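# Summary of structural features
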Amino acid sequence: VGLVLAGLIVGLAVNVNLFLTLATYGVMQVVYNLALKKIMFVDVATISLGFALRAAAGAAAIEVQISPWLLLCVFFLCLYLGFIKRLCDIASAEVAGESDWKPVAGYGNRLELNWLLCISATLAVVTYLMYALSEHTYKLFGPRSIGFSLMTPLVLVAVHRFYYRASSGISDSPLAALRHDRVVLVTIVLFAAGTLAILYVPGVGQFLEDVFFLRSDGIGP
């Protein structure tokens, strides 16, 4: 409680927007623990909204306009990872022979949970792809922005790998995946290398512009 109050005081000292964001986050956590964590879908959506609010708090703290693409990508990715956590809980209980164990929010139907995972994964990947191909991104990075969309297969590989690990009852932790899953590790390394190359290697923008015949306005060939 003391740390929460201290955080709110510091937030208010920075600016009002940060204080309001932190206060909203705090109230949401209280409501989540009292009731929302027992409601299917609402529990994961609340957690995902909390991560989006964290991103918004960072933007408020440095007084910059936050990109809606950042909020959407964070929300849908966390929504997917939240359902991955629920799937891993069920799979782990099955592997351990705990047939009587039931999730607090009632995620007992694997078919329904797989449907939720399918929808959230699709939204996460499509949102990333829309960001990569958006006019907003082109204004920031020019022709180099097309490179982000070319890395979508890496995003798909990582998304599938988390599903595979969870459905097998191995782990739902991103940190555990980075430490023990070579596929995830290679995917992350390739994505990071690709991002650095897209942003900083000379000639990449011109090459992508020549290959994809981008017009100067970045809208299409």
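Each residue is numbered by its place in its chain's sequence as written, counting from 1. Side-chain atom pairs in this predicted model are given and counted only at pLDDT of 80 or more, local residue features only at pLDDT of at least 70, and totals for whole chains, interfaces and linings cover all residues. Hydrogens and waters are ignored; side-chain quantities use all the structure's heavy atoms.

## Describing the confidence of the model for the chain
pLDDT expresses, on a scale from 0 to 100, how confident the predictor is about each individual residue. With 95% of its residues at a pLDDT of 70 or more, the chain has an overall mean of 90. Secondary structure elements follow DSSP: runs of H or I of four or more residues count as helices, runs of E of two or more count as strands, with numbering from the N terminus. Per-element averaging of pLDDT across the chain places helix α9 (residues 174–180) at the bottom with 78 and helix α2 (residues 16–34) at the top with 96.

## Notes on the packing of aromatic side chains
Here the aromatic set is Phe, Tyr and Trp, taking the six-membered ring for Trp, and pairing holds for ring centres within 6.5 Å; pairs whose planes are under 30 degrees apart are stacked, those over 60 apart are edge-to-face, and all others are tilted. Going through the model one piece at a time under the given rule, you end up with six aromatic pairs. Ring centres 5.4 Å apart and planes at 70 degrees place the aromatic pair Phe-75 and Phe-76 in the edge-to-face group. A positively charged side chain is recorded as over a ring if its NZ (Lys) or CZ (Arg) lies within 6 Å of the ring centre. The angle to the ring normal must also be within 35 degrees. Above the plane of the ring of Phe-51 lies Arg-54, whose end atom (NZ or CZ) is 4.4 Å from the centre.

## Quick look at the pattern of salt bridges
Once their charged atoms are close, side chains differing in charge can pair, the charge on each being opposite to the other. Salt bridge, as used here, is a side-chain nitrogen of Lys or Arg placed within 4 Å of a carboxyl oxygen of Asp or Glu. This model, assessed by the stated rule, comprises six salt bridges. One salt bridge in this structure joins Arg-86 and Asp-43, with 3.1 Å as the shortest N-O distance. Here the residue Arg-86 occupies a position in helix α4 (residues 68–95), and Asp-43 occupies one in helix α3 (residues 42–62), the gap between them amounting to 43 residues. Taken together, the salt bridges that share partners define one network made up of Arg-161, Arg-165 and Asp-181.

## Structural notes on the environment of Ser-171
Positionally, Ser-171 belongs in the loop between α8 (152–167) and α9. Separated by 80 residues in the primary sequence, Ser-171 and Ala-91 have C-alpha atoms spaced 9.6 Å apart. Any two residues whose heavy atoms approach within 4.5 Å are treated as being in contact. When residues no more than four places from it in sequence are discounted, the contact partners of Ser-171 are Cys-88, Arg-165, Ala-166 and Ala-176.

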